[in-house]
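# Report on the structure
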Amino acid sequence: MAFQLPYSPSLFRKRDNASGASVVAIDNKIEQAMDLVKNHLMYAVREEVEILKEQIRELVEKNSQLERENTLLKTLASPEQLEKFQSRLSPEEPAPETPEAPEAPGGSAV
């Protein structure tokens, strides 16, 4: 005589529900992990953006300082010095127009 388990539809429903609950639990854990990764990435991106903003501020400030210095040097340089400087840049590039500036006493080397 073969041993047979009694058939019970409720037994299978419990397994299906348990399996469904297990899938839901796994889905919830995956969602939590994804949220954690997302939060971490957002934090890292915000931090990097702040660093880059600070670098941009520093570069804009440095650029402004160099532009003021360049303008001052152009006004203090004699036309001959400017011409000599322009000829050193590159022969292919046309020399930009320079404002007529009075020659500085004692001359200045550029």
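Per chain, residues are indexed from 1 in the order of the written sequence. A pLDDT threshold of at least 70 governs which residues receive local features in this predicted model, and a stricter bar of 80 or more applies before side-chain atom pairs are shown or counted, although totals over entire chains, interfaces and linings include all residues. Side-chain measures here rest on the full set of heavy atoms in the structure, leaving out hydrogens and waters.

If you check an unreviewed UniProt entry, the chain appears there as TSC22 domain family protein 3 from Camelus ferus. UniProt positions are given in the numbering used here, feature names are shortened, and annotations may be inferred rather than shown by experiment. Under the Sequence similarities (unreviewed entry) heading, UniProt states for the chain: "Belongs to the TSC-22/Dip/Bun family."

### Focus: the overall build of the chain
Within the chain, the regular secondary structure consists of two helices and zero strands. Relative accessibility thresholds used throughout: buried, under 20% of the residue-type maximum; exposed, over 50%; partly exposed, between the two (1.4 Å probe, protein chains only). The buried share among the 110 residues of the chain stands at 6%. Accessible surface for the chain amounts to roughly 10,200 Å². Of this, 60% is attributable to carbon and sulfur atoms. Numbering of helices and strands starts at the N terminus; helices are DSSP runs of H or I of at least 4 residues and strands are runs of E of at least 2. All accessible-area figures derive from a Shrake-Rupley calculation using a 1.4 Å probe, and residue coverage is judged against the displayed protein chains alone.

### Here's the deal with the confidence of the model for the chain
Low pLDDT marks regions whose predicted coordinates should not be analysed in detail. Summarising the model, the chain shows a mean pLDDT of 79, and 65% of its residues fall at 70 or more. Residue-level confidence of the predictor, termed pLDDT, takes values from 0 up to 100. Here, two residues are considered to be in contact whenever any of their heavy atoms come within 4.5 Å of each other. Taken together, the stretch residues 11-15 has pLDDT below 50 and engages in one contact with residues farther than four places along the chain or on a different chain.

### Observations concerning a nonpolar patch on the surface
A cluster of nonpolar side chains, namely I26, I30 and M34, defines an oily patch on the protein surface of about 300 Å² accessible area. As for its placement among the helices and strands, M34 is situated in helix α1 (residues 9-76). Patch membership is restricted to residues that have no salt bridge and whose relative accessible area is over 30%. Joining uses 9 Å for like charges and 5 Å for the nonpolar side chains Val, Leu, Ile, Met, Phe, Trp and Tyr. Whenever a carboxyl oxygen of Asp or Glu lies within 4 Å of a side-chain nitrogen of Lys or Arg, that contact is scored as a salt bridge.

### Comments concerning the pattern of salt bridges
What the rule picks out here adds up to one salt bridge. Where R57 meets E54, a salt bridge forms, and the shortest distance between an N and an O atom there is 3.1 Å. Taken together, the residues span about one helical turn, with R57 and E54 both in helix α1 at a distance of three residues. The exposure class assigned to R57 is partly exposed, which follows from its relative accessible area of 47%. The class of E54 is partly exposed, set by a relative accessible area of 35%.

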